[in-house]
Amino acid sequence: MSRNRYMVPYLALIGARLRLETQYRAAAIFGMCTQIFWGLVRVAIFTAFYKAGTAHLSMTLAQTVTYLWLVQAFIRIMPWNVDPEIRAMVHQGTVVYELLRPVDLFWAWYIRALAGHSIPTAMRSAPIFLVASLFLGLQLPYSIVTGFEWFIALILAILLAAAITTLLNVSLLFTIVGDGIQRVVPAISNFASGMLIPLTFLPLPLQSFIDFLPFRDLIDTPVRIYLGLTTETQTLFLYIHALIWIALLIFTGRSLMRIAVSRFEVQGG
Amino acid sequence: MQYKASFCLLTFGQFLTTGLEFIAVIALFHRFGSIQGWSLSQVALLYGIVGSSFAVADATCRGFDKFSDIVKRGDFDRYLLRPYSTALQVASYEVQLLRIGRLLQAGIVLIWAVWHLNLNIWDIALVGMMLVGTTCTFAGLLILSATLTFYTVNTPEIVNALTYGGVETASFPLSIYPGWLIILFTWVVPLAFSGYYPVKSMIKSGHLNYLSYVMPLGGILFLVLSLVIWSIGEKHYASTGS
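Bear in mind that the values here come from a model prediction, so they are computed numbers and not experimental data.

### Points about the packing of aromatic side chains
Then comes step 1: Summed over all chains, the structure comprises 29 aromatic pairs over all chains.
Then comes step 2: Geometrically, the ring pair formed by Phe-22 of chain B and Tyr-47 of chain B is tilted, given 4.6 Å between the ring centres and 45° between the ring planes. Linking Phe-22 of chain B in helix α1 (residues 4–32) with Tyr-47 of chain B in helix α2 (residues 40–60), this pair joins segments that are 25 residues apart in sequence. The pair formed by Phe-22 of chain B and Tyr-47 of chain B is uniform in burial state, with each residue classed as buried.
Then comes step 3: Here Trp-187 of chain B and Phe-193 of chain B contribute two aromatic rings whose centre-to-centre distance is 5.2 Å and whose plane-to-plane angle is 75°, an arrangement assigned as edge-to-face.
Then comes step 4: For Phe-193 of chain B, a relative accessible area of 18% translates into the label buried.
Then comes step 5: Connected via pairs of aromatic rings, a cluster forms that spans Phe-46, Phe-49, Tyr-50 and Phe-201 of chain A together with Phe-29, Phe-32 and Phe-172 of chain B.

### Focus on a nonpolar patch on the surface
Then comes step 1: Where nonpolar side chains cluster on the molecular surface, the patch consists of Val-132, Tyr-151, Leu-211, Val-214, Leu-217, Ile-220, Val-224, Val-228 and Ile-232 of chain B and spans about 800 Å² of accessible area.
Then comes step 2: Mapped by element, the contributors of at least two residues to the nonpolar patch are α8 (121–152), α12 (210–214) and α13 (217–234) of chain B.

### Regarding the packing of α1 of chain B against α2 of chain B
All names here are of chain B.
Then comes step 1: Two elements in contact, α1 and α2, have axes whose closest approach is 11 Å; the angle formed by their N-to-C orientations is 155°. In terms of orientation, α1 and α2 fall into the roughly antiparallel class. The two elements α1 and α2 cross, and the hand of that crossing is right-handed. Between α1, through Thr-18, Phe-22, Ile-26 and Phe-29, and α2, the contact on the second element is made entirely by Leu-40, Val-43, Ala-44 and Tyr-47.
Then comes step 2: For the contact of α1 with α2, a count of residues per class yields seven nonpolar, one polar and no charged.

### Remarks on the pattern of salt bridges
Residues and elements named next belong to chain A.
Then comes step 1: According to the stated counting rule, one finds eight salt bridges over all chains in the structure shown.
Then comes step 2: Salt-bridge contacts for Arg-254 lead to Asp-104; the nearest nitrogen and oxygen are separated by 3.1 Å. Here Arg-254 is found in helix α11 (residues 232–263), whereas its partner Asp-104 is found in the loop between α5 (95–98) and α6 (105–135), with 150 residues between them in sequence.
Then comes step 3: A relative accessible area of 26% places Arg-254 in the partly exposed class.
Then comes step 4: We classify Asp-104 as partly exposed; its relative accessible area is 29%.

### Here's the deal with the side chain of Gln-35 of chain A
Then comes step 1: Along the chain, Gln-35 of chain A falls in helix α2 (residues 25–51).
Then comes step 2: Excluding residues within four positions of it along the chain, Gln-35 of chain A makes contact with Trp-69, Gln-72, Ile-75, Arg-124 and Ile-128 of chain A.

### Some words on the interface of chain B and chain A
Then comes step 1: Facing the 37 residues of chain B at the interface are 37 residues of chain A.
Then comes step 2: Taken together, both faces of the contact between chain B and chain A bury some 3200 Å²; the carbon and sulfur share is 77%.
Then comes step 3: Its largest share of buried area at the contact with chain A, chain B owes to Leu-28, Arg-31 and Phe-32 of chain B, together 21% of the area lost on that side.
Then comes step 4: Across the contact surface, chain B and chain A share one salt bridge.
Then comes step 5: Here chain B and chain A share four residue pairs in polar contact (both at pLDDT 80 or more) between them.
Then comes step 6: Those elements that provide at least two residues to the side of chain B that touches chain A are α1, α9 (159–170) and α10 (179–188) of chain B.
Then comes step 7: The leading source of residues in the side of chain B that touches chain A is α1 of chain B, at 18 residues.
Then comes step 8: Residue composition of the side of chain B that touches chain A, grouped by class: 25 nonpolar, eight polar and four charged.

### Side note on the side chain of Thr-134 of chain B
Then comes step 1: With respect to the element layout, Thr-134 of chain B can be found in helix α8.
Then comes step 2: The residues contacting Thr-134 of chain B, other than those within four sequence positions of it, are Ile-49, Val-50, Ser-53, Leu-191 and Ser-194 of chain B.

### Points about α10 of chain B
Then comes step 1: For α10 of chain B, the complete set of buried residues consists of Leu-181, Leu-184, Phe-185 and Thr-186 of chain B.
Then comes step 2: In this fold, the buried residues of α10 of chain B make contact with α2 of chain A together with α9 and α11 (196–205) of chain B.

### Comments concerning the environment of Arg-124 of chain A
Residue and element names in this part refer to chain A.
Then comes step 1: Assignment of secondary structure puts Arg-124 in helix α6.
Then comes step 2: In the structure, Arg-124 is positioned 104 residues away from Gly-228 in sequence and 24 Å away in space, judged by C-alpha atoms.
Then comes step 3: A polar side-chain atom of Arg-124 sits 3.3 Å from a polar atom in the side chain of Gln-35.

### Focus on the state of the cysteines
Then comes step 1: Enumeration over the complete set of coordinates arrives at zero disulfides over all chains.
Then comes step 2: The structure places no disulfide on Cys-136 of chain B, whose sulfur is separated from the nearest cysteine sulfur, that of Cys-61 of chain B, by 9.4 Å.

### A closer look at the confidence of the model for chain A
Then comes step 1: For chain A, per-residue confidence averages 89 on the pLDDT scale, and 95% of positions sit at 70 or higher.
Then comes step 2: For chain A, per-element mean pLDDT is lowest for helix α1 (residues 2–23) of chain A, which scores 73, and highest for helix α10 (residues 220–226) of chain A, which scores 97.

### Thoughts on the packing of α2 of chain B against α11 of chain B
Residues and elements named next belong to chain B.
Then comes step 1: Following both chains from N to C, one finds α2 and α11 inclined at 150°, their axes separated by 11 Å at the closest point. One element, α2, and the other, α11, form an angle in the roughly antiparallel class. α11 is crossed by α2, and the crossing has right-handed handedness. Contacts between α2 and α11 involve Gln-42, Leu-45, Leu-46 and Ile-49 from the first element and Tyr-196, Val-199, Met-202, Ile-203 and Lys-204 from the second.
Then comes step 2: For the contact of α2 with α11, a count of residues per class yields seven nonpolar, one polar and one charged.

About the criteria used
- Residues numbered from 1 in each chain as written.
- Chains lettered and ligands numbered in written order.
- Predicted model: local features only at pLDDT ≥ 70, side-chain atom pairs only at ≥ 80, totals over all residues.
- Heavy atoms only, no water.
- Phe/Tyr/Trp six-rings, centres within 6.5 Å; stacked < 30°, edge-to-face > 60°.
- Helix = DSSP H or I, 4+ residues; strand = E, 2+ residues; numbered from the N terminus.
- Buried < 20%, exposed > 50% of the residue type's maximum accessible area, 1.4 Å probe, protein only.
- Patch = residues over 30% accessible without salt bridge, like charges linked within 9 Å, V, L, I, M, F, W, Y side chains within 5 Å.
- Areas by Shrake-Rupley, 256 points an atom, 1.4 Å probe, with all protein chains shown as cover.
- Salt bridge = Lys/Arg side-chain N within 4 Å of Asp/Glu carboxyl O.
- Axes fitted to C-alpha atoms, helices over the stretch in contact; angles between N-to-C directions.
- Parallel < 35°, antiparallel > 145°, perpendicular 65-115°, else oblique.
- Left-handed = near helix turned anticlockwise from the far one by under 90°.
- Contact = heavy atoms within 4.5 Å.
- Nonpolar A, V, L, I, M, F, W, Y, C, P; charged D, E, K, R; others polar.
- Buried area = accessible area lost by both parts, 1.4 Å probe.
- Polar contact = N/O pair within 3.5 Å; in protein donor to acceptor, adjacent residues only side chain to side chain.
- Disulfide = S-S within 2.5 Å.
- pLDDT = per-residue confidence, 0-100.

Have a look at this one:
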């Protein structure tokens, strides 16, 4: 009972996001069309590249096409932006009101980010997945087992994305440094997640550096598991890789928030 | 320009975003060699023209990009009262200097491509014309999407498919795309006239093709046409304010 009571405010945050997303159905349909347009362009580019020669490629064209459609379907996982409401709160100073709420501020922001990634992802991915798998060459998971493993990897990806977004939100509390982080992190995450091109097409030295970073667990890891390109041990290792980064980013975010909050100065009455 | 550190970081962020996008393109050429017989430097020429033109168009036409905000706030009513052209007022709503990051990145790619391809003076003049033509096409596109706002108030996200999608599509040789995309970016949005076709004849034929010098004018024509459509749409404007 008492545990339930603690969860209520966090659940309310998720409910608010759900209502927000379902309000703009036309926008969702337009967004889906945009994603399919992008997918078609990118599939055409890669198909043309594959025609040039397919020496030393670790993925077939069909696998690459599946990769590209999964990117489009799950694009809302990407941690591109700070929460505009939190930005407004920080700029106007009303962020201090947040401290009055009887919840842990970091977890409240984390749950908020979690809702901000999981709900749009679920809403956007299903129709694109359906259309692309019926008409546009998106293959189904390699096997039932990899399909299941893929789902776990997706959940980890969303937990990771929320951790990155929360860190970006916390960085708002540090004006200049934060500005830099908010620009650089999304740029790097596009490149190092596999969103721009599948990571296997990058030169090897670069790949091993990117393998170390958390971003690949947003897109590349789930997709590779989906395609059956990883062994059981590799899958397990990738899960642990994601979990360590999630823990690390949450720890960093929490510590930074504690520092920032201790420096808050409330002006006026 | 008041917040220098912030401005530098934002510019750097832009530079990094598009820079990494181009590194991804380089990686693909490194892996595959070429795309339909086009080498990296040839595609880089297209990429550089399209990228820098878009940066200029987007920086100068920012108001059209944000036009739905202007309409929603009811600010457009004031624009109508002033004795200047509304299009000019909207264009000067805000000059977005942040696009300098993108311009810088695409400009470096363009200069590298021109140098690497050993272009002669006539070719470079043609590249200049293509830059003007492409910039006008993107400007026209932004004006047209803003014109839609007269009818819908909100600018639908799908318009981004034509602007940002146009940047992506036109950065590669058009012949790799399915037919409907070729028609879209040749006859509906004439990006190919000031990008793909002149570049192709410059690179592939080796001798001067006078038609190439006429083609970029298509972009200017498109801009004029979209301004005409803008003034037609303006008559349908109904204020949202009280």
